[in-house]
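Listed below are the residues making up each chain.
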Amino acid sequence: MDAAEFRRRGKEMVDYVADYLENTEQRPVYPDVEPGYLRSLIPPEAPLQPDSYDDVIKDVERVIMPGVTHWQSPYFYAYFPGGSSYPAMLADMLCAAIGCIGFTWAASPACTELETVMLDWLGKMLKLPEHFIAGTQGLGGGVIQGTASEATLMSLLAARCKALKRIQAAKPDIPECELRTKLVAYTSEQAHSSVERASLIAEVTMRKVPTDGTYAVRGSMLKKMLEEDKAAGLVPFYFCATLGTTPSLAFDRITELGPICNEENVWMHIDAAYAGSAFICPEFRPLLNGVEFADSFNFNPHKWLLINFDCSAMWVKKREDMIGAFKVDPLYLKHENQESGLITDYRHWQIALGRRFRSLKMWFVFRLYGLQGLQAHIRKQVALAKEFESFVRADKRFEICAEVIMGLVCFRLKGSNDLNQLLLKRITQHREIHLVPCQLSGLFVLRFAICSRRTDSKHIQHAWRHITQLSCELLQENH
Ligand SMILES: *Cc1c(COP(=O)(O)O)cnc(C)c1O
C-alpha cells in the first residue's frame, strides 16, 4: 500500500468506522457464534501472495463482525464501559503514525512530557492533593499504565520493596527470604480479581478484609486484622482500597482506613478503576476524600472518561518509591539528560519497557470535550442509571440490591437464585441487550451498567420493557 492508496483507504475506513458506530444498535449486541467459529472461516495459513484490500475489508463483515460483542452498542449494559470517542480514536491514529516507543525521555521527549502534563491536568480535574501533581515541588506524579491490574501490581511491588528495605534496616541479621514470608497484604473481599492476581504474581500473602452491610471495608475491620497478624509475628505492609467495587460500586471508607495505614507503615493503594472518572464532578468528589492518605491512586479513563482502551491513570505520592524499586540501567538506555533530575524515564514506572504515546488520546479528549463536556457525559449516564432504578423500584416483582450512586444498578427478581439465573440466561439468548451478573450476600444479582456513549432514555426504556416481558413469561411458566 502506497501513500496514495492509504489516503483513499483511510478515508473509506473512517466512513466505515462512523457508520459502524452510529448504527451499532441495529446489530445484535451479543454474537450468535459457537467457540471455534472463526477458524473455519479463514484459511489455515497466511497467504503467500498478497490478498487484495477489497477482499480483506469484505472479510471484516463476513468473519469478524459476526463474532463481535458490540461494546459501543446502546444496548450493551455488561461489565463497565469501554471508553470511546472520536477524538480519542483520531489521537490513536496519530499515535500509530508517530510510532515511537517512549521508554525514556530521549526515546521521544514529547511522549514523556505530554504524559506528565496530562496526568497533572487530570489530577487537577480530580482535585488530587498537591503531592500527586508533578508540576509542583511535590515528590509525586502520574503515569499512564495499560490497565488497573498493572497499576495494582506495580504498587504492590513498590510497597514490598519499601517494606523490605525498612525491616532489613531494623533487623539486619534476618535474611531477606525469611522477612519476605512475614509480609502480609490486605484487600476487601469485594475487591476486583486483579488485586488477588497481583498477590499471586508477586507471591505475596493477601488477606481478604470482610465488609459491612454496604459491602464497604471499615477502619475497624482492617485494624482488627492488622492487630491479629502483628501479634502472630507477621508484618502488614500493603492495603488495596476500592472506591467503586466491581460487583456493586461500594466505597471503602478511606477516611477511616487511611490514617490506620499511615500509622502502621502500610502502603495504601486506591483502586477506583470505574468510579474515578466521576470525581471530576464536584458532587461526586467527596467520595474521594481520604485520598490524601494514599501512597498511590489509580483509575481508568479508558472506562468512563471517553478515552479508548488502553489508558489507566496512576499517581504516586513519592516517585522514588516506584523508581527506586525497579531501576535497571543498561548502557543502551542511558542518555545525556538523565542525570539532570528534570526528566522522567517512564520505563522505571511500569512492567514493560516499551510504551505507546497514549497521552495523545488524553490531550485530544480533554481539549475537545473540555471539563464541562466530560462532566456532562458522567452526569448523563448517572441520570440514566437513576431512571432505570426508578423503573425497577416501581415494579413490585423486583428489588434493588445496592444503593445506586453512579452508573450501575444492581437488581433482581424477588425470589430464588435459580429464577434470576434463568432470567439472565433468557436475556443473553435473546441478544437484544447484554448484561452480566454478580453475587451479593449469596444472592444472584443482575448488574445493569450504563456503558455506551450512545445510550439514551429510549434505550433504557426498551431494555426495561424487554426485561419485564421476559420476566412475565418466566413467572407464568413457574406458576
Ligand atoms: C475494571 C476494574 C478493574 C480492572 O481494570 P483493568 O484496567 O482491566 O485491569 C480493577 N478494579 C476495579 C474496581 C474494576 O472495576
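So, how was this worked out
- Residues numbered from 1 in each chain as written.
- Predicted model: local features only at pLDDT ≥ 70, side-chain atom pairs only at ≥ 80, totals over all residues.
- Heavy atoms only, no water.
- Pairing = 2+ DSSP bridges.
- Helix = DSSP H or I, 4+ residues; strand = E, 2+ residues; numbered from the N terminus.
- Axes fitted to C-alpha atoms, helices over the stretch in contact; angles between N-to-C directions.
- Contact = heavy atoms within 4.5 Å.
- Patch = residues over 30% accessible without salt bridge, like charges linked within 9 Å, V, L, I, M, F, W, Y side chains within 5 Å.
- Areas by Shrake-Rupley, 256 points an atom, 1.4 Å probe, with all protein chains shown as cover.
- Salt bridge = Lys/Arg side-chain N within 4 Å of Asp/Glu carboxyl O.
- Phe/Tyr/Trp six-rings, centres within 6.5 Å; stacked < 30°, edge-to-face > 60°.
- Buried < 20%, exposed > 50% of the residue type's maximum accessible area, 1.4 Å probe, protein only.
- Lys NZ or Arg CZ within 6 Å of the ring centre and 35° of its normal.
- Expected span 1.5 Å × (residues − 1).
- Bend = angle between axes of the 7 residues up to and from the residue.
- Right-handed = clockwise from strand over helix to strand, strands pointing away.

Visitor: In this structure, what is going on with the sheet that holds strand 8 (residues 398–400)? I would like to understand it.
Guide: Sheet strands pair by backbone hydrogen bonding; their relative direction is either parallel or antiparallel. Spatial ordering of the open sheet is given by 8-9-11-10, a layout of four strands whose pairing is antiparallel. Both edges of this open sheet fall to strand 8 and strand 10 (436–440), since each of them pairs with a single strand only. Going across the sheet, the axis of each strand differs from the next one's by a mean of 40°, ignoring polarity. When strand 9 (residues 408–413) meets strand 11 (residues 443–449), the two strands line up antiparallel, connected through four bridges. Looking across to strand 11, one finds that C410 is bridged to R447. Contacting strand 8, strand 9, strand 10 and strand 11, helix 13 (residues 417–430) crosses the sheet at an angle of about 35° to strand 11. Those strands touched by helix 14 (residues 457–477) are strand 8, strand 9 and strand 11, and its axis lies near 20° from that of strand 9.

Visitor: Whenever I open this one, a nonpolar patch on the surface confuses me. Can you help?
Guide: Taken together, the side chains of M1, F6, L90 and M93 make up a nonpolar region of the molecular surface, amounting to roughly 450 Å² of accessible area. The residue M93 is located in helix 3 (residues 86–98) in this model.

Visitor: I keep staring at the packing of aromatic side chains and nothing clicks. Help me out?
Guide: Where two aromatic rings form a pair, the distance of their centres and the angle of their planes describe that pair. Under the defined criterion, the tally for this structure stands at 18 aromatic pairs. With centroids separated by 6.1 Å and ring planes inclined at 35°, the aromatic side chains of F237 and Y238 adopt a geometry described as tilted. The residues F237 and Y238 share a single accessibility class, namely buried. An angle of 45° between the planes, with centres 6.1 Å apart, marks the rings of F398 and F411 as tilted. With a gap of 13 residues between them, F398 in strand 8 and F411 in strand 9 connect regions that are remote in the sequence. A relative accessible area of 4% means that F398 is categorised as buried. Through successive ring pairs, a cluster of aromatic residues spans Y77, F388, F398, F411, F448 and W464. R447 extends its terminal NZ or CZ atom over the ring of F80, reaching a point 4.7 Å from the ring centre. One cation-aromatic arrangement involves R453 over Y86; the distance from NZ or CZ to the ring centre is 5.4 Å.

Visitor: Looking at this structure, I do not really get helix 12 (residues 359–393). What am I missing?
Guide: An α-helical turn contains 3.6 residues, so a residue and the one three or four places further along point in the same direction. Given a rise of 1.5 Å per residue, 35 residues ought to cover 51 Å, yet the end C-alpha atoms of helix 12 are separated by just 42 Å, more than 12% below that figure. At G370, helix 12 is deflected by roughly 85°, the largest bend along its length.

Visitor: Please clarify how the pairing of strand 5 (residues 267–271) should be interpreted in this entry.
Guide: Looking along a regular strand, one sees the side chains alternate between the two faces of the sheet. Burial analysis of strand 5 places five of its five residues in the buried class, which makes it a mostly covered element. Of the two faces of strand 5, both are covered, the one formed by W267, H269 and D271 as well as the one formed by M268 and I270. Bridging between strand 4 (residues 235–242) and strand 5 involves five bridges; their strand directions are parallel. Each residue of the ladder has a partner; that of F239, found in strand 5, is M268. Of the crossover connections in this fold, the one passing from strand 4 over helix 9 (residues 254–263) to the parallel strand 5 is right-handed. Pairing analysis gives three bridges linking strand 5 to strand 6 (residues 296–299), with the strands arranged parallel.

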